[in-house]
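The lines below spell out each chain.
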Amino acid sequence: MLENVEEPDPVVRVRGLRMRYGSTDVLRGLDFDVRAGEVVTLLGPNGAGKSTTIEILEGFRERSAGEVRVLGVDPARGDERWRSEIGMVLQSWRDHGKWKVRELLAHLGAHYARFSEPGRRRPIDTDELLATVGLADRRDQRIASLSGGQRRRLDVAIGIVGRPRLLFLDEPTAGFDPEARRDFHDLVHRLADDEATTILLTTHDLAEAERLADRILILAAGRIVADGSADQLARRVAGRSEIRWTRGGERFVHSTDDSVAFLRELLGAPGEEIHELEVRRASLEDTYMAMVHQHEDGPLPGRTRVEGVPA
Ligand SMILES: Nc1ncnc2c1ncn2[C@@H]1O[C@H](COP(=O)(O)OP(=O)(O)OP(=O)(O)O)[C@@H](O)[C@H]1O
Ligand SMILES: [Mg+2]
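Rules behind the numbers
- Residue numbers here run from 1 along each chain, matching the order of that chain's written sequence.
- Think of it this way: whatever chain is written first is A, whatever ligand is written first is 1, and the rest follow in order.
- The predicted nature of this model means local features are confined to residues of pLDDT at least 70 and side-chain atom pairs, given and counted, to a pLDDT of 80 or more, with totals for whole chains, interfaces and linings taken over all residues.
- UniProt positions are given in the numbering used here, feature names are shortened, and annotations may be inferred rather than shown by experiment.
- A residue counts as near a molecule or strand when its C-beta atom, positioned from the backbone, falls within 6 Å of it.
- Three classes are used: nonpolar for Ala, Val, Leu, Ile, Met, Phe, Trp, Tyr, Cys and Pro, charged for Asp, Glu, Lys and Arg, and polar for all others, with Gly counted as polar.
- When DSSP finds two or more bridges between two strands, those strands count as paired.
- The helix and strand labels rest on DSSP assignments: H or I over at least four residues marks a helix, E over at least two residues marks a strand, and numbering proceeds from the N terminus.
- All axes here are fitted lines through C-alpha atoms, helices being fitted over the stretch that makes contact, and every angle between N-to-C directions spans 0 to 180 degrees.
- Any residue pair is listed as a contact if its two C-beta atoms, each placed from the backbone, are within 7 Å.
- Backbone-placed C-beta atoms define the burial measure: a residue is buried with 20 or more other C-beta atoms within 10 Å of its own, exposed with 12 or fewer, and partly exposed in between.
- We call a crossover right-handed when, viewed with the strands running away from us, the connection from the first strand over the helix to the second turns clockwise.
- To estimate how far a helix should reach, multiply one less than its number of residues by 1.5 Å.
- Note that the arc is computed from the directions linking the helix axis to the C-beta atoms.
- Only buried residues count toward a nonpolar core: Ala, Val, Leu, Ile, Met, Phe, Trp, Tyr and Cys, linked into one set through C-beta atoms within 7 Å.

- The protein is annotated in an unreviewed UniProt entry as ABC transporter ATP-binding protein of Pseudonocardia humida.
- Turning to the protein, the UniProt annotation filed under Subcellular location (unreviewed entry) states: "Cell membrane".

## Description of the site of ligand 1
Item 1. The local shell around ligand 1 consists of Y21, V26, G44, N46, G47, A48, G49, K50, S51, T52 and Q91.
Item 2. Tallied by class, the residues present in the shell around ligand 1 amount to three nonpolar, seven polar and one charged.

## So, the sheet that holds strand 10 (residues 241–247)
Item 1. One open sheet holds the three strands; their spatial order is 11-10-12, and the pairing between them is antiparallel. The open sheet terminates on both sides in strands that have one partner only, identified here as strand 11 (250–256) and strand 12 (274–280). Averaged over neighbouring strand pairs, the angle between their axes works out to 15° when direction is ignored.
Item 2. Inspection of the sheet shows strand 10 paired to strand 12 by five bridges, in the antiparallel sense. Opposite R244, over in strand 12, you have E278 as the bridge partner.
Item 3. Against the sheet, helix 9 (residues 259–268) engages strand 10, strand 11 and strand 12, with an angle of about 10° to strand 10.

## Let's talk about the environment of T198
Item 1. One can find T198 in strand 7 (residues 198–202).
Item 2. With 24 C-beta atoms counted inside 10 Å, the residue T198 sits in the buried group.
Item 3. Between the C-alpha atom of T198 and that of R165, which follows or precedes it by 33 residues, the distance is 6.2 Å.

## What about the pairing of strand 7?
Item 1. Across the five residues of strand 7, five count as buried, placing the element largely inside the fold.
Item 2. Summarising the sheet, strand 3 (residues 39–43) and strand 7 pair through four bridges and their orientation is parallel. Bridge pairing in strand 7 links T41 to L201.
Item 3. Examined bridge by bridge, strand 6 (residues 166–170) and strand 7 share five bridges and lie parallel to one another. In the sheet register, L166 faces strand 7, and the bridge partner there is T198.
Item 4. Where the polypeptide runs from strand 6 across helix 6 (residues 178–194) and back to strand 7, its parallel neighbour, the crossover connection is right-handed.

## Some details on helix 10 (residues 284–297)
Item 1. Under the 1.5 Å per step criterion, the end-to-end length of helix 10 is 19 Å for 14 residues, consistent within 8% with the ideal 20 Å.
Item 2. Among the residues of helix 10, L284, T287, Y288, M291, V292 and H295 are the ones counted as buried. Buried residues of helix 10, seen end-on, are gathered within an arc of 120° and therefore sit on one face of the element. Facing away from the buried side of helix 10 by over 90 degrees, the exposed positions are H293 and D297.
Item 3. Check the buried side of helix 10 and you find it contacts strand 3, helix 7 (206–212), strand 8 (215–220), strand 9 (223–228) and helix 8 (230–236).

## Overview of the nonpolar core
Item 1. Judged by nonpolar contacts, the single largest core of 63 residues is most densely connected at A157, L217 and I218.
Item 2. Each residue touching A157, except ones within four places of it in the same chain, is listed here: L105, L129, V133 and L135.

## Some thoughts on the environment of H96
Item 1. Looking at the secondary structure, you find H96 in the loop between strand 5 (86–89) and helix 3 (101–110).
Item 2. Accessibility expressed as a C-beta count within 10 Å gives 18 for H96, which makes it partly exposed.
Item 3. In the structure, H96 is positioned 172 residues away from G268 in sequence and 67 Å away in space, judged by C-alpha atoms.
Item 4. Non-local contacts of H96, meaning those with residues more than four positions away in its chain, are made with L104 and I143.

This is how it looks when you write it as structure tokens:
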């Protein structure tokens, strides 16, 4: 018999969130959820309000209006235990320049020890963590002398040292070299799969968003203008596809709204044989650009909800 199964409460629940700096409305009524175990990417142009949103969720910034629940608690009233469940990597780096890498991690980690539970050892062992973020050989170096990317790796280590249930990452991979980036992607997958960590991150790297996110939110003109998986978002944008082919040694490119009809015609037409046929559907970048321009340039329409994504 079917029971009335209730969805568990989302880990993050935001309704009508507004933020005004002086006389400027940055957030004009945000609505979104992040469910347990999800990896969600928040995209949006510079100044859209991504860091503002994340800082409100972390309890660092007081909102102007709206309802916010993070792990069931209003972040403006989170206590120490609540705080211990949240890991964060801020966009701008707080200075601990005189500390040595290992010293700082051990110091910050010690704070979580009293929240340790059977089966959930907290903090993560310092040396294990140093190896995870690729800083083992820097353990006794002063933080002030780390390179930009190394400092960012340390930020990530600080974010996860307490084995948080919920992790906020504000542009975590800014300054990462390609290998550090790939290691970081593996780490996010591992945290999500093995530790069931719920993750909300921002990035300007759309390939990264696509690789990491179960769901993508696009913030533009003060609202969430799109919410769905990368595939769902790509399907939303009036689907212009790009078709490329070679015929008689010459390369051709054609852009069309109806790739099937165009291909039928192309392949059915007499002439030399066609080689290297390629059909490329709208990418996440195309979708992102279309969404942002549609909402930032025009009047403010309501949010575009992607079909098949529950509220
Ligand atoms: N304390 C503040 N006082 C006044 N304006 C602020 C303050 N903090 C942020 N802003 C403004 O609010 C807007 C949103 O800033 P926010 O840092 O949230 O953007 P963002 O989406 O994180 O951008 P980026 O991609 O550049 O990191 C910006 O126009 C910024 O100048
Ligand atoms: Mg920001």
